[in-house]
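Summary of the model geometry
Now for the letters of each chain:
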Amino acid sequence: MENLNNLLSVSPSILAEIFINISGKPPDFNSFKPSKYIIDTHKKNLLLKCGRQTGKSSIVSTSMLIDARFIKGFRQGYIAPNSRASASFSVLRFSDSLINSVNIWPFFYSPKNTDKFVIDNVGLKKFKNNSVCVFLYADSDPDRIRGFTFDRIIFDEVQDIDLDAVVPVVEACIMNSPYSEKMFLGTPKSVDNSIEILWGHSKQYEWAVKCEGCSKYNIFISTKTIGKEGPICAHCGKLLNTLNGTFVPMCPDNTIDGFHISRTALPFYMFNKQAWQSIVALLDDPLWSKEKFDNEILGISSGSGMKMITEKDINEISVYDVDPYDKASINLSGEKFIGIDWGGSDYSSKTENVQSQTAMVIYNLSGGTLNICYYTTFNGMGPIDILEEIKKIIVHAKPVSVAADASGGKIENAELTKLCVQNRIRFFPIQWGSYSKAIEWNKVNMYLSDKTTMFDDFFINILKKELIRLPNKNNKQIISEFLSEHAEISTSASGRKIWKRIPHKTDDLLHAAIFGWVGFKVCKGITFKDPY
């Protein structure tokens, strides 16, 4: 039986230097000195906001390996925004270190599945000491993570994960653990991004270096510390020795242990003149915007994300003289088109008292314009009551079409299908995703629609200010929700533009409005431009 008592009193960074190999070498805590501090930090609630090539993945894989090895039965769940990123980390980072770290193998790991107690798959690693590492993915749908039990969860590339949708579900996986640890890590994008929301609630540790010339401290959050030959003091211009730095909390009373690592703060780039010159060259590279440099090199959020419309644009089309909260507006003459965004999942799995954010928008085609005449969000009602109320409204409105979210509310959509058939109404269950066609019937039970194309098409038509009209009364909610999404460039291989909700904002009415818009265009034979 192995005795770990002496080793458990040793700091994790020292254990890493003894047992771990990264790319065939022990961790270089001289060139990547901030990593040592972070590896030795308790992981109860940890955030890493990093530029690219700052050792983030090495910190995570090292921490996972050390704790899996020296805490028996320790269960860790690694979560990336997509399957490709999860598999890449498992194979290229975690497994690479595991296979090369032969000192860690005794009583723990046997390569090539030579031990029946060891599982060594891309998605699952189980070791001799009963520790487990599971590699998962979720960007906005956490269903595939339900049912796991972990001691620690690691959210990687958190800037591409919908915190509001994913984190509450995943946190349930660690509720019964005596450790109950969370790690969030990623490279920032816009100031509206998930990682910046977390950073605002963190202690905001910055790598601070005292200048040997003017004795003032420097942190690496701007280009002022970038000199031609190396990192310089933002106050007097003297070269800095980043080996002399330490982490200093800017907001010590906050709850999350948040660490910022800029590429310019690492001793590696101070030692390696060629690497430093590659950073300097990017300052004048026309292919590198200020926002990209801030994100990728400095590791700071920059810009507000891309928004196609502004509040001014919305106000200019808010000229339809109607109260959208008044059900009498449903009686206005003209063809009706309804959009529904279901809140949550099927009512079959819920109780009457479950809260919902189901939203409905009704368009009225009149006088050559498509006008939003009525909308509502069904708060404080159980899902069965919501469905019955929606059915009543549909029967009363007598719409040409109803378009609804197909990814949620499967049973609700089945009920609406029956209702629409009975009342000779066209029904469009639509599932958004990333598809090569703007919209296409899957030949089974739903339309598959490219989300980016639909959002772009809707916002472009708002900008044209020709067809779509919004109400001029009680419209604060819909204005807020129409501005709740922004576009970013995906970090996946496709590099496509994707629309994402700003954390802690609601977008149910926007989604319902776009579903209704899609139904209108399909009914009128107006085509969409395919994304590819």
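A word on the pattern of salt bridges. This model, assessed by the stated rule, comprises 21 salt bridges. Among the ionic pairs, Glu-157 bridges to Lys-56, the shortest N-O distance being 3.8 Å. Of this pair, Glu-157 sits in the loop between strand 6 (152-156) and helix 6 (163-171) while Lys-56 sits in helix 4 (residues 56-70), and the two are 101 residues apart along the sequence. We note that Glu-157, like Lys-56, is buried. Where Glu-415 meets Lys-391, a salt bridge forms, and the shortest distance between an N and an O atom there is 3.5 Å. Of this pair, Glu-415 sits in helix 13 (residues 410-422) while Lys-391 sits in helix 12 (residues 383-397), placing them 24 residues apart in sequence. Glu-415 gets classed as partly exposed once you look at its relative accessible area, which sits at 21%. On the accessibility criterion, Lys-391 (18% relative accessible area) is buried. Salt bridges here are not isolated pairs; linked through shared partners, they connect Arg-52, Lys-56, Asp-156, Glu-157 and Glu-296.

The next thing to look at is helix 13. In a regular helix each residue adds 1.5 Å, so 13 residues correspond to 18 Å; helix 13 covers 19 Å between its end C-alpha atoms and thus fits that length. Taken residue by residue, helix 13 has Glu-412, Asn-413, Leu-416, Leu-419 and Cys-420 as its buried positions. The buried residues of helix 13 all sit within an arc of 120° when viewed along its axis, so they share a single face. Residues of helix 13 that are exposed and point more than 90 degrees away from the buried face comprise Lys-410, Lys-418, Val-421 and Gln-422. Each element contacted by the buried residues of helix 13 is listed here: strand 12 (335-341), helix 12, strand 15 (401-405) and strand 16 (426-433). One or two residues past the end of helix 13 sits Arg-424, with phi positive at roughly 55°.

The next point concerns the packing of aromatic side chains. In this structure the tally under the stated criterion is 29 aromatic pairs. Their ring planes at 80° and their centres at 5.4 Å tell us that Tyr-325 and Tyr-375 sit as a pair that is edge-to-face. Residue Tyr-325 is found in the loop between helix 11 (311-317) and strand 12, and its partner Tyr-375 is found in strand 14 (residues 369-377); the two are separated by 50 residues along the sequence. In this structure Tyr-325 comes out as partly exposed when scored by relative accessible area, which is 39%. Assessed through its relative accessible area of 0%, Tyr-375 is described here as buried.

Quick notes on the rules
Residues numbered from 1 in each chain as written. Predicted model: local features only at pLDDT ≥ 70, side-chain atom pairs only at ≥ 80, totals over all residues. Heavy atoms only, no water. Salt bridge = Lys/Arg side-chain N within 4 Å of Asp/Glu carboxyl O. Helix = DSSP H or I, 4+ residues; strand = E, 2+ residues; numbered from the N terminus. Buried < 20%, exposed > 50% of the residue type's maximum accessible area, 1.4 Å probe, protein only. Expected span 1.5 Å × (residues − 1). Arc of directions from axis to C-beta. Contact = heavy atoms within 4.5 Å. Phe/Tyr/Trp six-rings, centres within 6.5 Å; stacked < 30°, edge-to-face > 60°.

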